[in-house]
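# Coordinate analysis (summary)
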Amino acid sequence: MRYTSFTSYDFILLAQGLGVSLTLFLATTLIGLLVGTIWAIVRFYRVPVLTQFITFFAELLKNSPVLVQLFLVFFGLPAFAKINVTPVEAAVITLSGNTAAFVYVIAVSAIESIGRDQIESARVFGLSRWQVLRHVIAPQALAFAVGPLTGLLVNQLQVTSLISVIGVVDLTKIGNILNLRTLKPFIVWTIVGGLYYITAKLVAFGGARLEQRLRAHTTWKGL
């Protein structure tokens, strides 16, 4: 076997790297969606002090480079708080927080797009705050937010490639390893780029289908 040749095991490595990237993407997406939505609900209810803190923190996260945030968590947090942070933990914390910040902005915009008259009418008919949130605000806000959220998730999938710099063996890291071993950068990075492209298209396709269904549902229900 020549030093620059590919083997069948290389494709297994690429598949494993893709699996790591997708696992971290899905985990941080779920955490980010949950945290960002909770932040938006806090903003909706105008909780004193907490609302101002969340707004400031979200602005800080979404207006600073993800790579800098990653370095702060992986290198800065252990030095500052004297705790050990593994590369995977640093990746989860950073990407979840960054996703949550953008989800917060999208969720706030979606909620504010709903007319206050609908909320006030629901309260007049005796609905509690939770019922208003669940039955009036959530369905319309979700239909409004799916499009922007899909674009965000496609971008966040690409952002996962940054975690390779702290040692996470994801798709980009595997690509770098194969590039150094085979000395065929054009082939290696074309394959890696193609895998990212395919997964991003699948995310975009799923988001578009969900948006179509939600908009058809809200139109039918008269929302």
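The sections below set out a description of the structure shown in this document. Treat the numbers as computed from the prediction; the structure is a model and nothing was measured.

Its place among the elements puts phenylalanine 6 in the segment before helix H1 (8–44). Excluding residues that lie within four positions of it along the chain, phenylalanine 6 makes contacts with Arg181, Thr182, Lys184, Ile187 and Val188.

The sharpest bend along helix H3 (residues 66–81) reaches about 35 degrees and sits at phenylalanine 75, with the proline proline 78 one to four residues further on. Of all the residues in H3, the buried ones are Val66, Gln69, Leu70, Val73 and Phe74. Phi turns positive, to about 60 degrees, at lysine 82, one or two residues after H3.

Turning our eyes to something else, we now look at the nonpolar core. For soluble globular proteins, nonpolar side chains are generally found buried alongside one another. Ranked by internal contacts, the top residues of the largest apolar core, which has 25 residues, are Trp39, Ala40, Tyr104, Ile111, Ile137, Ala141 and Leu149. Contributions of two or more residues to this core are made by H1, helix H2 (50–62), helix H4 (87–112) and helix H6 (129–159). The contacts of isoleucine 111, once residues within four sequence positions are left out, are Ala40, Phe44, Ile137 and Ala141. Judged by nonpolar contacts, the second largest core, of 13 residues, contains Leu24, Leu70, Ala90 and Ile163.

Its identity is not glycine, yet arginine 46 carries a phi of approximately 50 degrees, on the positive side. Here leucine 183, not a glycine, exhibits a phi torsion of approximately 60 degrees, which is positive. Mapped onto the secondary structure, leucine 183 falls in the loop between helix H7 (171–182) and helix H8 (185–221). A residue is classified by how much of its surface remains accessible, and leucine 183, at 55% relative accessible area, is exposed.

Right, let's talk about the pattern of salt bridges for a bit. Oppositely charged side chains may form a pair once their charged atoms are brought near each other. Taken as a whole and judged by the stated rule, the model has three salt bridges. Close ionic contact of arginine 181 with aspartate 10 constitutes a salt bridge, the shortest N to O distance being 2.4 Å. Of this pair, arginine 181 sits in helix H7 while aspartate 10 sits in helix H1, placing them 171 residues apart in sequence. The class for arginine 181 is partly exposed, based on a relative accessible area of 24%. Between glutamate 59 and lysine 62 there is a salt bridge whose closest N-O contact spans 3.5 Å. Here glutamate 59 and its partner lysine 62 are both found in helix H2, three residues apart, which amounts to about one turn of the helix. On the basis of relative accessible area, glutamate 59 is assigned to the partly exposed category, the value being 36%.

Cut-offs applied
Residues numbered from 1 in each chain as written. Predicted model: local features only at pLDDT ≥ 70, side-chain atom pairs only at ≥ 80, totals over all residues. Heavy atoms only, no water. Helix = DSSP H or I, 4+ residues; strand = E, 2+ residues; numbered from the N terminus. Contact = heavy atoms within 4.5 Å. Bend = angle between axes of the 7 residues up to and from the residue. Buried < 20%, exposed > 50% of the residue type's maximum accessible area, 1.4 Å probe, protein only. Core = buried A, V, L, I, M, F, W, Y, C linked by side-chain atoms within 4.5 Å. Salt bridge = Lys/Arg side-chain N within 4 Å of Asp/Glu carboxyl O.

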